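Fold and contact review
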Number of protein chains: 2
Amino acid sequence: MSDDVTEDTMDATYRALCEHGYADLTMQDIAEESDRSKAALHYHYDTKRALMLAFLDYLFAEFTDRAGDPDGDTPAERLGAFIETVLTPPERDDHSHEAFGTAILELEAQAPYDGDIRERLEAFDDFVFEHVRQYVAAGIEAGEFRAVDPEDTARFVVTAIDGARTRQVAIGQEMACSRRLLEAYVDTYLTSDAGHQRGPASGDRVRSE
Amino acid sequence: MSDDVTEDTMDATYRALCEHGYADLTMQDIAEESDRSKAALHYHYDTKRALMLAFLDYLFAEFTDRAGDPDGDTPAERLGAFIETVLTPPERDDHSHEAFGTAILELEAQAPYDGDIRERLEAFDDFVFEHVRQYVAAGIEAGEFRAVDPEDTARFVVTAIDGARTRQVAIGQEMACSRRLLEAYVDTYLTSDAGHQRGPASGDRVRSE
């Protein structure tokens, strides 16, 4: 399949997911958003699920390309820019982030029943976790951050990011609000006392349990 | 409907949700888990959705009863006990928390399309938010916690709780791990410097944006 055809199919899948959600989505819905017939789609993808797995791979390539090298001269700046990018999906057409976030939440609810979907969600998660961990570790090394545990800190940040996405869907909490809270967490938890370590209470407690 | 009948129907709904998820659930599935026929269920609940709304109300009553008065002599202890209760659902039968968490995530993905579901999810959220806010405010008042912003802190805690639930489903992160991270956050962020306020950098930054 040429890149143009892939691009058209993936854009169509995005629009169809925003329009119909995942559970009710059909290959016909996707074909109607694309330049191709349903038969042409089936030529490349046996099932809706196969197309969805390819779509997740496509999203992952797009996401890692977009988020992989955040702006900033220091680890703290790069961490801030990375979190902002992760919580600000790219604008696409006129479809809202909320509708797409809803479809992704539906897909996440499939993960316990579908190892291939879970594997792809884990790839996103590992990527975000590993980037946050690296910036935190680099910031500690550079004396910008307190001596927290980089792994636990990264795991807590990805947990808050997942919560931000869930809340946007479930109760309509604005991403801008979640972003502000996460930035405040990073500023306060990581940087306030940099250079003035607060004794064993903080870092050790995180590691000891 | 008598309390016993309600109890049986709600328990049957719980088991059927664990077994089938929300999207594929039918009234017949619920009847098969209960002592009643599908016709008897329909006598009380017109649709699966009506039964689901009643089920969410039932869960809410059960949850607020279980979590509303956490153990502890101090605000910090009560906050810790509250978070532990929220992240530890009650044991029921032999069904796993993961399966139920998955069904709840599916329901959350319905919220953008269904104001009655969203209203109920908001009630859970308001309850958790308001309790956390109260314990944080009381802890500051008592000199146990630093002078953080209680509202922003509570909003960040509920975001992390939602993230914990999502990650259990999407990538299989253990609740015990999420609970440990949240406890470490509360210990480090709120209590480390109690009585030694760290100047304007922390609290003000949270409020200023």
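Each remark here, short or long, concerns the structure printed above.
Counting restarts for each chain: residues are numbered from 1 in the order of the written sequence. Starting at A for chains and at 1 for ligands, labels are handed out in the order in which the entities are written. Only residues with pLDDT of 70 or above have their local features reported here, since the model is predicted, and side-chain atom pairs are shown and tallied only from 80 upward, although totals for entire chains, interfaces and linings are computed over all residues. Side-chain numbers come from the whole structure's heavy atoms, not from hydrogens or water.

Take helix α7 (residues 115–141) of chain B next. All names here are of chain B. Secondary structure elements are defined from DSSP: runs of H or I of at least 4 residues count as helices, runs of E of at least 2 residues count as strands, and each element is numbered from the N terminus. Here the expected span of a helix is defined as 1.5 Å times the quantity of residues minus one. A rise of 1.5 Å per residue sets the reference length of α7, with its 27 residues, at 39 Å; its end C-alpha atoms lie 37 Å apart and thus fit the reference within 8%. Pairs of N or O atoms are called polar contacts if they sit within 3.5 Å, as long as, within protein, a hydrogen donor faces a hydrogen acceptor (for residues adjacent in sequence, only side-chain-to-side-chain pairs). Sitting at the amino-terminal end of α7 is aspartate 114, which places a side-chain oxygen 3.0 Å from the backbone nitrogen of aspartate 116. One or two positions beyond α7, positive phi appears at glycine 143, with a value near 80°.

With an RMSD of 0.0 Å, the fit of chain A onto chain B corresponds to turning through 180° and sliding 0.0 Å along the axis. What we have between these two chains is a two-fold relation. Residue glycine 163 of chain A of chain A places its C-alpha closer to the rotation axis than any other residue of that unit, at 1.7 Å. In this description, contact between two residues means that some pair of their heavy atoms is separated by no more than 4.5 Å. A high fraction, 98%, of the interface residues of chain A reappear at the interface in chain B, so the copies pair face to face through one surface. Each copy is superposed on the other by least squares, with the fit set by C-alpha atoms of residues at a pLDDT of at least 70 in both.

It is worth spelling out the nonpolar core at this point. Generally speaking, nonpolar side chains in soluble globular proteins are found buried as a group. The biggest cluster of nonpolar side chains holds 122 residues, and the ones touching the most others in it are Leu79, Val128, Leu182 and Tyr185 of chain A together with Leu79, Leu182 and Tyr185 of chain B. Setting aside chain neighbours within four positions, we find leucine 79 of chain B in contact with Val132, Tyr135, Val136, Phe145, Val186 and Leu190 of chain B. Counting residues in each nonpolar core, the second largest holds six residues, with Ala109 and Val169 of chain A together with Leu105 and Ala109 of chain B among its members. Buried residues of nine kinds, namely Ala, Val, Leu, Ile, Met, Phe, Trp, Tyr and Cys, make up a nonpolar core once their side-chain atoms join them within 4.5 Å. The cut-offs for exposure are 20% and 50% of the maximum accessible area for each residue type, with area from a 1.4 Å probe on protein chains only; residues under the lower value are buried, those over the upper are exposed, and the others partly exposed.

Contacts between chain A and chain B engage 48 residues on the former and 47 residues on the latter. Two parts lose some accessible area (1.4 Å probe) when they are put together, and adding that loss for both gives the buried area. When chain A packs against chain B, close to 4300 Å² is buried across both sides, 60% of that on carbon and sulfur atoms. Only one rule defines a salt bridge in this text: a Lys or Arg side-chain nitrogen within 4 Å of an Asp or Glu carboxyl oxygen. Taken together, chain A and chain B are joined by six salt bridges. Two residues, arginine 180 of chain A and aspartate 152 of chain B, come together in a salt bridge whose shortest N-O distance is 2.8 Å. Elements supplying a minimum of two residues to the side of chain A that touches chain B: α6 (97–108), α7 (115–141), α8 (150–170), α9 (175–191) and α10 (203–208) of chain A. Of the residues forming the side of chain A that touches chain B, the biggest block, 14 residues, is contributed by α8 of chain A. Each residue gets one label: Ala, Val, Leu, Ile, Met, Phe, Trp, Tyr, Cys and Pro are nonpolar, Asp, Glu, Lys and Arg are charged, and the others, such as Gly, are polar. Of the residues in the side of chain A that touches chain B, the class split is 20 nonpolar, eleven polar and 17 charged.

Moving on, we get to the pattern of salt bridges. In total, this model carries 28 salt bridges over all chains according to the counting rule given. For arginine 49 of chain B, the salt bridge identified is with aspartate 114 of chain B, shortest N-O distance 2.5 Å. On the criterion of sequence distance, the pair formed by arginine 49 of chain B in helix α4 (residues 48–67) and aspartate 114 of chain B in the loop between α6 (97–108) and α7 is long-range, its members being 65 residues apart. With a relative accessible area of 33%, arginine 49 of chain B lands in the partly exposed category. Put simply, aspartate 152 of chain B and arginine 155 of chain B hold a salt bridge, and the shortest N to O gap is 3.9 Å. With aspartate 152 of chain B and arginine 155 of chain B both in helix α8 (residues 150–170), this residue pair falls three residues apart, about one helical turn. Within this structure, Glu108, Asp125, Asp162 and Arg165 of chain A together with Arg167 of chain B form a network of salt bridges that share partners.

It is worth spelling out the environment of phenylalanine 100 of chain A at this point. Residue and element names in this part refer to chain A. Its location among the elements puts phenylalanine 100 in helix α6. Residue phenylalanine 100 is classed as buried on the basis of its relative accessible area, which comes to 13%. Those residues in contact with phenylalanine 100, other than ones at most four positions away along the chain, are Tyr14, Leu17, Cys18, Phe55 and Leu59.

This part covers the packing of helix α4 (residues 48–67) of chain A against α6 of chain A. Residue and element names in this part refer to chain A. To obtain an axis, a line is fitted to C-alpha atoms, over the contacting stretch when the element is a helix, and the angle between two such axes runs from 0 to 180 degrees between their N-to-C directions. In the contact formed by α4 and α6, the axes pass within 13 Å of each other and the chain directions differ by 120°. Classified by the interaxial angle, the pair formed by α4 and α6 is oblique. Where α4 crosses over α6, the two elements pack in a sense that is left-handed. Contact residues: Met52, Phe55, Leu56 and Leu59 in α4; Phe100, Ile104 and Leu107 in α6. For the contact of α4 with α6, a count of residues per class yields seven nonpolar, no polar and no charged. What sets the label is the angle itself: under 35 degrees gives roughly parallel, over 145 gives roughly antiparallel, 65 to 115 gives roughly perpendicular, and the rest give oblique. With the far helix as reference, a near helix turned anticlockwise by less than a right angle produces a left-handed crossing, and one turned clockwise produces a right-handed crossing.

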